Amino acid sequence: MSVMVQVTALGEGAASPILSIEHQHAHPPLQVAPHTHSEPMLLWASTTSVTLRTVSHDWLVPPGHGLWLPGRVEHTGTTRHAGELCVIRFMATRCPIDWVQPTGVAVQPLLRELIRYLRAEPDAASRRHAEALLFDVLLPLPTHSIQVPMPAEPRLRTITERLIDSPGDQRELTMWAAEVHSGVRTLSRLFLAETGLTFSQWRTRVRVRAAVGHLAIGASVKATARAVGYRKPSAFIAAFQRVTGQTPGTYGVE
């Protein structure tokens, strides 16, 4: 387990709402014990995927996405594969974002570049303008954002974590049952009981959620479909629309 951290402090000036920007390169399994922060923060999964757990929810933060955490919300996190992530901490009394619940955000190109600029140029004269623009483009994902409920049962947890790591995995439940030494009927029943979804429905959500990350960094629909396990783009588009109510192009880079 290792992580390299580069911290840029921004909150020295009296008017800055940003305390710091931490850039990390994490090598799994990087697990963070349950803890809280008094200040709100934004976790941006740049090129890694992060599973973040609060008291009430598990959140999957794929590449290209972020999660806003209000202050004093207990959480723990795990990186799913090696890659870069960024943690931005805000001063509660000066931050204009007042979301009271953990909230997903899509880190689109402009927001991504603003974060990088503020980290690289902490003392720039234009910092206040960049900060103001950052808050303008920091928008919550729409209410149809993709929820991926995580089961607690150990056999299901093994399957679901592996599929989160490799959403393009083609194995059906029969093959997974053999791997975790269980019966197909047992796993089918447990999937429905613990997630409210069938195995196929759950896997589709994971694939679509992963696809959003690919699309957000500029991958084509065809390449994204292949990356998340669909042989035909048409099947991927249909699944994407069933889950999100929108076409994959909605989530692509403009």
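Residues numbered from 1 in each chain as written. Predicted model: local features only at pLDDT ≥ 70, side-chain atom pairs only at ≥ 80, totals over all residues. Heavy atoms only, no water.

If you had to explain the nonpolar core to someone new, which residues and values would you point to?
Generally speaking, soluble globular proteins have nonpolar side chains that are buried together. Judged by nonpolar contacts, the single largest core of 30 residues is most densely connected at Ile159, Leu187, Phe191, Phe199, Trp202, Phe236 and Phe240. Among the secondary structure elements, those contributing two or more residues to this core are helix H3 (154–165), helix H4 (173–179), helix H5 (184–195), helix H6 (199–216) and helix H8 (233–244). Ranked by size, the runner-up nonpolar core spans 20 residues in total, among them Trp68, Phe90, Val107 and Ala130. (Core = buried A, V, L, I, M, F, W, Y, C linked by side-chain atoms within 4.5 Å. Buried < 20%, exposed > 50% of the residue type's maximum accessible area, 1.4 Å probe, protein only. Helix = DSSP H or I, 4+ residues; strand = E, 2+ residues; numbered from the N terminus.)

Let's hear about empty space enclosed by the protein: which residues, and what values?
For the coordinates displayed, the defined rule picks out one cavity of 30 Å³ or more. Roughly 70 Å³ of volume is contained in the largest cavity. Top contributing element to the lining of the largest cavity by residue count: strand E6 (residues 58–61), with three residues. A class-by-class count of the residues in the lining of the largest cavity yields six nonpolar, two polar and two charged. (1 Å grid on protein atoms, 1.4 Å probe; cavity = no way out; pocket = protein on both sides within 12 Å on 5 of 7 lines; lining within 4 Å. Points joined across faces, edges and corners; volume = space filled by probe spheres on them. Nonpolar A, V, L, I, M, F, W, Y, C, P; charged D, E, K, R; others polar.)

An account of the pairing of E6 is requested, with residue identities and associated values reported.
On a regular strand, one side chain projects to one face of the sheet and the next to the other, so that they alternate. Residues Asp58 and Leu60 line one face of E6 and the alternating positions Trp59 and Val61 line the opposite face, and both faces are buried. Bridge count for strand E5 (residues 50–54) against E6 is four bridges, and the pairing is antiparallel. Following the sheet pairing, Val50 is matched in E6 by Val61. Taking the residues that link successive antiparallel strands as the turn, the E5-E6 hairpin has three residues. (Pairing = 2+ DSSP bridges.)

How would you summarise the pattern of salt bridges if you had to cite specific residues and measurements?
Charged atoms that come close allow side chains of opposite charge to pair. Counted under the stated rule, the structure contains eleven salt bridges. Taking the shortest distance from any N to any O, the salt bridge between Arg157 and Glu161 comes out at 3.2 Å. Here Glu161 and Arg157 lie together in helix H3, a separation of four residues that amounts to about one turn. Residue Arg157 is classed as buried on the basis of its relative accessible area, which comes to 14%. (Salt bridge = Lys/Arg side-chain N within 4 Å of Asp/Glu carboxyl O.)

Tell me about the pairing of strand E10 (residues 103–106), and please be specific about residues and values.
Residues of E10 alternate between two faces, with Thr103 and Val105 on one and Gly104 and Ala106 on the opposite face, all of them buried. When strand E7 (residues 65–69) meets E10, the two strands line up antiparallel, connected through four bridges. Of the residues in E10, the one forming a bridge with His65 is Ala106.

How would you sum up the environment of Ala225? Please name residues and give values.
For Ala225, the location among the structural elements is in helix H7 (residues 221–227). Setting aside chain neighbours within four positions, we find Ala225 in contact with Tyr230, Pro233 and Phe236. (Contact = heavy atoms within 4.5 Å.)

Any details on H8? Residues and values, ideally.
Taking 1.5 Å of rise per residue, the twelve residues of H8 would be expected to cover 16 Å, and the 16 Å separating its terminal C-alpha atoms lies within 8% of that figure. Of all the positions in H8, only Phe236, Ala239, Phe240 and Thr244 are classed as buried. For H8, the angular spread of the buried residues around the axis is 110 degrees, confining them to a single face. Of the exposed residues in H8, those oriented more than 90 degrees away from the buried face are Ser234 and Arg242. Where H8 terminates, the next one or two residues include Gly245, which has phi positive at roughly 80 degrees. (Expected span 1.5 Å × (residues − 1). Arc of directions from axis to C-beta.)

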